[in-house]
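Analysis of the macromolecular model
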Amino acid sequence: MIEITSLTKSYSDNVVLRELSLKVLPGEVVAVIGPSGSGKSTLLRCVNMLEVPDSGRIEIGGRTVEYTPNKRGKLGLLDQFRLTWLRREIAMVFQQFNLWPHRTVLGNLLEGATVVNGRKRDEAVAAALAKLKSVGLGEKAHAYPADLSGGQQQRVAICRALMMEPKAILFDEPTSALDPELVGEVLELMTELARSGMTMMIVTHEMKFAREVADRVIFMENGGIVAEGPPDEVFAHPRLQSYASRLSH
């Protein structure tokens, strides 16, 4: 589903990703873990072209994501048109929810589905209401983000991603901005998505979740992959054990 080859990204003299290569299979759940500054979030943002790589190749479903960064590291006009296709294939859920504060919950869900995907409004409204009901937010359709808890906002953000009918979803530390008591409700929804067969790349510090839900764990450090494989195998790696032990203190 996602194939990354020799991906490099730097900011001035700071090299964030170093010739990184990775494959994500259809229906696979890949947890990406590692210390702050290891390049985890930058990796996801490059896959979705929120950040333009310096070099390397990204393929989504066998189709190459074409990009030509200019001197400022931005995409050219032609590449901007190609982004419409990419954003239909790959959705993203952010740390800070990124909901439009001036739109209702329903409005947030409808925007991409109708404007980008071109779904008929009546059909999109019905789908949005069904998704909200499935995550326990059916009565919040006409509320505004400011009226919701952090956990509720993140569930809305996940529903918004699903409204695009993506082939894969990227999660960038989706629980890091939540109060501890709200983390569980978001992880539960993500676990249900994983069981449904959704292809997912998840940057997370939730070690228990990564170990129990992911098909594969990737441990990153200094812009590269230190360990990769089934959760039990990777969690036995000495460097990851040292990292995880510090998280528990």
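Look up: the structure comes first, before these words.
Remember, predicted model here, so these are calculated numbers, not experimental data. (Residues numbered from 1 in each chain as written. Predicted model: local features only at pLDDT ≥ 70, side-chain atom pairs only at ≥ 80, totals over all residues. Heavy atoms only, no water.)

**A short note on the overall build of the protein**
Worth spelling out the cut-off: Put simply, DSSP H or I for four residues or longer makes a helix, DSSP E for two residues or longer makes a strand, and each gets a number counted from the N terminus. Based on C-alpha atoms, the radius of gyration is set beside the globule rule, defined as 2.2 Å times the residue count to the power 0.38. For every residue, the accessible area obtained with a 1.4 Å probe (protein chains only) is divided by the maximum for its type, and the residue is called buried under 20%, exposed over 50%, and partly exposed between those limits. Any two residues having at least one pair of non-hydrogen atoms within 4.5 Å are treated as being in contact. Where accessible areas are quoted, they stem from the Shrake-Rupley method and a 1.4 Å probe; at the residue level, only the protein chains shown are allowed to cover.
Helix and strand counts for the protein come out as nine helices and 10 strands. At 18 Å, the protein has a C-alpha radius of gyration in line with the 18 Å of a compact globule built from 249 residues. Here the C-alpha coordinates of the protein stretch approximately 50 × 45 × 30 Å along the principal axes. By the burial criterion, 53% of the 249 residues in the protein qualify as buried. When contacts within the protein are restricted to residue pairs at least 6 apart in sequence, those whose partners lie at least 24 apart make up 66%. When the accessible surface of the protein is totalled, it reaches about 11900 Å², and 49% of it is carbon and sulfur.

**Observations regarding the packing of helix H5 (residues 150-163) against helix H6 (residues 180-195)**
Put simply, the test is: Where helices are involved, their axes are fitted lines through C-alpha atoms of the stretch in contact, as for all axes, and angles between N-to-C directions lie from 0 to 180°. Note on terminology: angles under 35 degrees are roughly parallel, angles over 145 are roughly antiparallel, angles of 65 to 115 are roughly perpendicular, and the others are oblique. Handedness of a helix crossing follows the sense of rotation of the near helix relative to the far helix, less than a right angle counterclockwise being left-handed and clockwise being right-handed. Polarity classes work like this: nonpolar for Ala, Val, Leu, Ile, Met, Phe, Trp, Tyr, Cys and Pro, charged for Asp, Glu, Lys and Arg, and polar for all others, with Gly in that last group.
Packing of H5 against H6 brings their axes to within 8 Å, and their N-to-C directions diverge by 20°. The angle between H5 and H6 falls in the class roughly parallel. Of the two elements, H5 crosses H6, and the hand of that crossing is right-handed. Residues Gly150, Gly151, Gln152, Gln154, Arg155, Ile158 and Leu162 of H5 form the contact with H6, whose participating residues are Leu182, Glu185, Val186, Leu189, Met190 and Leu193. Its residues assigned to classes, the contact of H5 with H6 shows seven nonpolar, four polar and two charged.

**Quick look at the layout of surface pockets**
Under the convention used in this document: Points on a 1 Å grid, built from protein atoms alone, make a cavity when a 1.4 Å probe fits but cannot get out and make a pocket when they are open with protein on both sides within 12 Å along at least 5 of 7 lines; residues with an atom within 4 Å of a point are the lining residues. Grid points are joined across faces, edges and corners, and a volume is the space filled by probe spheres set on the points.
Counted as a void, the largest pocket has a volume near 490 Å³. Arg87, Met92, Trp100, Arg160 and Met164 are, among the 19 residues lining the largest pocket, the residues nearest its centre. Put simply, the parts of the chain that give the lining of the largest pocket at least two residues each are helix H2 (77-89), strand E6 (90-93), helix H3 (105-116) and H5. At four residues, H3 tops the list of elements feeding residues into the lining of the largest pocket. Here the lining of the largest pocket is composed, by residue class, of 11 nonpolar, five polar and three charged.

**Focus on the sheet that holds strand E7 (residues 168-172)**
Adjacent strands of a sheet pair through backbone hydrogen bonds, lying either parallel or antiparallel. Operational definition: Paired strands, in this sense, are two strands between which DSSP finds at least two bridges.
Strand order in the open sheet formed by six strands is E6-E7-E8-E3-E9-E10, with mixed pairing between adjacent strands. Each edge of the open sheet carries a strand with a single partner, namely E6 and strand E10 (224-229). When the angles between neighbouring strand axes are averaged without regard to direction, this sheet yields 20°. Across the face of the sheet, H6 comes into contact with strand E3 (29-33), E7 and strand E8 (199-203) while running at roughly 145° to E8.

**Focus: the side chain of Glu51**
What counts, and what does not: A 3.5 Å cut-off defines polar contacts: any pair of N or O atoms within that distance qualifies, except that in protein one atom must be a possible hydrogen donor and the other a possible acceptor, and neighbouring residues in sequence count only when both atoms are side-chain atoms.
Tracing the backbone through its elements, the reader meets Glu51 in the loop between helix H1 (40-47) and strand E4 (55-60). Of the polar contacts made by the side chain of Glu51, one reaches the side chain of Tyr11; its length is 3.3 Å. Apart from residues lying up to four places away in sequence, Glu51 is in contact with Lys9, Tyr11, Arg45 and Cys46.

**A look at unusual backbone geometry**
The residue Ser12 is not glycine, and still its phi comes out positive at about 55°. You can see Ser12 is positioned in the loop between strand E1 (2-11) and strand E2 (14-24). On the accessibility criterion, Ser12 (74% relative accessible area) is exposed. The backbone of Glu19 sits at a positive phi, close to 50°, despite the residue not being glycine. Considering the arrangement of structural elements, one finds Glu19 in strand E2. Looking at Glu19, the relative accessible area reads 51%, which means it is exposed.

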